[in-house]
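# Coordinates in review
What follows is the residue order along each chain.
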Amino acid sequence: MTTTSEPAPQPRTSAPGAEHRTRFFDHRIPSLYAGRYRIDNRQTLKDLDGADRVIDATPQPFDVVQPRFSFDPTGINAQFPVPDAVGTYSQTLAHINLDAPGLPWNRPLGPEQPAAVPWMALLLFREDELPEDPDAVGLVTAGTVRRLLDGALGSGRPPALPPESLRPDEYDEQCATVLVPAALFDAVKPLPAEMAYLAHLREGGRPDATRAGTDPEPDEGELNAVLVANRFPAATGGRHVAHLVSLEGHDRYLTTPAPTEGVRLVSLASWSFTTEPDSGIGFGDLCQHLATTDGTTPRPADQLRLRVPTTGPANPAGAQKEALDRMAGGAVALPQRLESGERTLAFYRGPLTAQPARDLPPAAATRLDSPGEALIYLQQYGVFDAAYAAAFTTGRTLALADAEFRTALLEFRSAARAAARRLASHPELAARSAAILTGRHLTAPLAFEAFDRLLTDGDARSGGARLNQALDQAGPQLRAGRRRSAARARRSIGDARAVLAQPGVADLLTQAAPDKFAKVTAWLDALRRLELLSLSHLVPDPRALPAESIRFAYLDPAWVRAAVDGALSVGVGHALDADLNALATGGGPVPKCAVLINSSLVPNWPNTIVAAYQGTDIVEPVRDAVFGLETRLLLYPEVIDRFELAEPPRGLCFGIGDVGTIELREISGDRIGHPKGEFPQPAGFARFLRPGGRDVLNVDGTGDALLPALSGAHGLTGGQRISSAQFALQMINAPQAQTFSRP
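### With respect to the overall build of the protein
Across its full length, the protein carries 21 helices and 35 strands. Here the protein displays about 36,000 Å² of accessible surface, and carbon together with sulfur accounts for 52% of that area.

So this is what it looks like as structure tokens:
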């Protein structure tokens, strides 16, 4: 189910690195059916005088042996639903996948049936339907084939098999049987023509196989036989059992009423599963509600933007227009009390906006030192826009509440402040190239550094290191009464700020306390990704994100910058501290857009696949978070064009979607398997069910049958029908996806 709505993105889920080809084939008819045969050989000798002599050789009987009453369960490749599974399967047709590709066609169903009709079928039963298995757990009645044919395994008409078709050793084989009452059998039995469409071959090719399907022969190692049930599990839930049964010897009852005592079928394989009650609201229903107003009409763009719905006059002007414009951008009007005691209102919004945020004047791009500096006064209307002031206060409050961040920030600034003052007090350090200076120059004791230089520096012509020179000169200088005085000039905060402005020094100061600086920048990056904000910060009014809704929004980088300034304002004592804060503001980029989903999709389908695109490029989220139980937030580094919600992947299965449709797929050309729209229109599969309320699919019976309707949907006329492989291709119940596209 795909519905495109106006604003936001329309992606697909990202494809795996290696794609596998899957092809479907109608059937595999053997060159010689399983059974008993005899070779008669006659030779005629021609005499020269014209008298012929006939020699009859001894007849040579031989058997073509294939499973008939049982087969090795290891030959089952897959079953769906899997044995003992619990889930919502009311829209799924059970199927079984067999390793032996020719098994369903290795013997004829009956002498008058076409070769494409298999001799086995998959039947689905519910609780309290089978007399010998009322709990639908898979109970069977076992015994020898001889007892089955003699009617000794219980009531129910056994298969009518010609005695000459049985090998002597087959009579002693064990088999499992199940009794199906006449009314139940007549209700669920497939017609022979339907059986041909409920069985096919599937080939899952190697990753490098030609996906155009031009290979003349299938890959035998990847070929399996698939049989599909013709009945949906009950929407009310309950236990179900699937039986792969042999209909050989019962073929006449497929077109005529079953005997009153019922039929006893050979069960070749069986498994049970439990389906949960279907609430009628599935993944597709919820996604369709997110994107449409009535199931078909896409929601207008205004309903998919993060803002409170508002109504106003047709042609607003003045204050009305200003208020409506700000609310259209995602702001809400809140009461405000001024410091003077007057009451008014102010506009507020969080970092998410319904429209790209307005550019601030150049003067506003400077560092914020207080929330008052961030207030925007709309002088013409006498009200404030408090969004950035609230952002500053939010960042400051979060910083004050986090002792680890606060300690790291103060310790980093203390170390960087000391390093800046050292550079200002020692011109020889500040004069060095920033590439030569390291964090050790900023933190190591200078007396130790000077002593090291005495040991290592010197002129070889003057006798060695400076230490030797100093020791030699110390005595005479002391006797002469000379003393060295080096009064160092006192440095001010202004001097340190001037050093900070030198090229390369700012980066060097971050090494003064690298561990603390890393903690500060990591915390601020988390703030830029909105990780420290609650949902109320992001959505100030719940009406902007009601239940069962999806909303798209832009991120305002100025709001995030104000929050960062607020966090860094903690503990600022003077201008140098404020300058040092700038060292921590160069972290990761601010995301550009957001998607918010408030839906039961979040808890009920936690593995939902989301994909976002900008043009043809996939955009990975920088954050994916869940608030509470039902709200999911995704942040993207770029403004996306398309967005897709896709049902979690599952194995290949057959059935219908949540909204009562299947996805038609191309059956010819070089686009075989590609989607070509939903079927039927209007949605609803109930018309293709047999009467009687047992949820049996009317594949090709009387009334409104599915097969001719599908054939017509593909443009086939004049009695032409799609093949069984093409039918299987249409009935694949692929994971559903919902696409949103930004205009």
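After that view, the rundown keeps rolling.
### Overview of empty space enclosed by the protein
In this approach, a probe sized like a water molecule rolls over the atoms, and the result shows the empty space that is left. For the structure shown, the criterion picks out five cavities of 30 Å³ or more. Space inside the largest cavity adds up to approximately 70 Å³. Lining the largest cavity are Leu 306, Arg 307, Val 308, Gly 330, Val 332, Leu 352, Leu 538, Val 539, Pro 540, Asp 541 and Ala 544. For the lining of the largest cavity, the residue count by class is eight nonpolar, one polar and two charged.

### Let's talk about the nonpolar core
One recurring pattern in soluble globular proteins: nonpolar side chains tend to sit buried together. In this structure, Ile 96, Leu 98, Phe 185, Leu 244, Leu 247 and Leu 265 are the most contacted members of the largest nonpolar core, which totals 60 residues. For Leu 247, the residues in contact, after removing those within four places along its chain, are Leu 109, Trp 119, Ala 121, Phe 185, Met 195, Leu 254 and Leu 265.

### Some points on the confidence of the model for the protein
In the predicted model, the protein carries a mean pLDDT of 84, and 85% of its residues have values of at least 70. Strand S1 (residues 4-5) is the least confidently modelled element of the protein, averaging 36 in pLDDT, while strand S11 (residues 120-126) averages 98, the highest of any element. Contacts of residues 1-19 to residues separated by more than four positions or lying in other chains number 85 contacts, the stretch itself having pLDDT below 50.

### Description of the sheet that holds strand S21 (residues 376-378)
The strands making up a sheet are joined through hydrogen bonds of the backbone, oriented either antiparallel or parallel. Spatially, four strands are ordered S18-S19-S22-S21 in an open sheet, and the strand pairing comes out mixed. The open sheet terminates on both sides in strands that have one partner only, identified here as strand S18 (332-337) and S21. Averaged over all adjacent pairs, the angle separating strand axes in this sheet is 35°, with direction ignored. By the bridge criterion, six bridges tie S18 to strand S19 (residues 343-348) in an arrangement that is antiparallel. Bridging across to S19, Pro 335 finds its partner in Leu 345. Where helix H5 (residues 319-328) meets the sheet, it contacts S19, S21 and strand S22 (383-385), and its direction lies at approximately 40° from that of S19.

### Considerations on the pairing of strand S15 (residues 223-228)
Counting buried residues in S15 gives six out of six residues, a clear majority hidden from the surface. Here S15 shows a buried face lined by Leu 223, Ala 225 and Leu 227 and a second buried face lined by Asn 224, Val 226 and Val 228. Of the strand pairs in this sheet, strand S10 (residues 95-98) and S15 are connected by four bridges, and their pairing is antiparallel. Bridge assignment links His 95 to a residue of S15, and that residue is Val 228. Here strand S14 (residues 199-204) runs beside S15; their pairing, made up of five bridges, is antiparallel. Paired with Ala 199 across the bridge in S15 is Leu 227.

### Things to note about the packing of helix H15 (residues 514-528) against helix H17 (residues 557-568)
Closest axis-to-axis distance for the H15/H17 pair is 10 Å, and the angle between their directions is 145°. For the pair H15 and H17, the crossing hand works out as right-handed. In this structure, H15 uses Val 520, Trp 523, Leu 524, Leu 527 and Arg 528 to contact H17, whose residues at the interface are Val 560, Ala 563, Val 564, Ala 567 and Leu 568. The class makeup of the residues in the contact of H15 with H17 is nine nonpolar, no polar and one charged.

### Describing helix H7 (residues 387-401)
In this model H7 runs 21 Å from its N-terminal to its C-terminal C-alpha over 15 residues, within 8% of the 21 Å that 1.5 Å per residue would give. Ala 387, Tyr 388, Ala 389, Ala 391, Phe 392, Thr 394, Gly 395, Leu 398 and Ala 399 are the residues of H7 that are buried.

Reading the values: the criteria
- Residues numbered from 1 in each chain as written.
- Predicted model: local features only at pLDDT ≥ 70, side-chain atom pairs only at ≥ 80, totals over all residues.
- Heavy atoms only, no water.
- Helix = DSSP H or I, 4+ residues; strand = E, 2+ residues; numbered from the N terminus.
- Areas by Shrake-Rupley, 256 points an atom, 1.4 Å probe, with all protein chains shown as cover.
- 1 Å grid on protein atoms, 1.4 Å probe; cavity = no way out; pocket = protein on both sides within 12 Å on 5 of 7 lines; lining within 4 Å.
- Points joined across faces, edges and corners; volume = space filled by probe spheres on them.
- Nonpolar A, V, L, I, M, F, W, Y, C, P; charged D, E, K, R; others polar.
- Core = buried A, V, L, I, M, F, W, Y, C linked by side-chain atoms within 4.5 Å.
- Buried < 20%, exposed > 50% of the residue type's maximum accessible area, 1.4 Å probe, protein only.
- Contact = heavy atoms within 4.5 Å.
- pLDDT = per-residue confidence, 0-100.
- Pairing = 2+ DSSP bridges.
- Axes fitted to C-alpha atoms, helices over the stretch in contact; angles between N-to-C directions.
- Left-handed = near helix turned anticlockwise from the far one by under 90°.
- Expected span 1.5 Å × (residues − 1).

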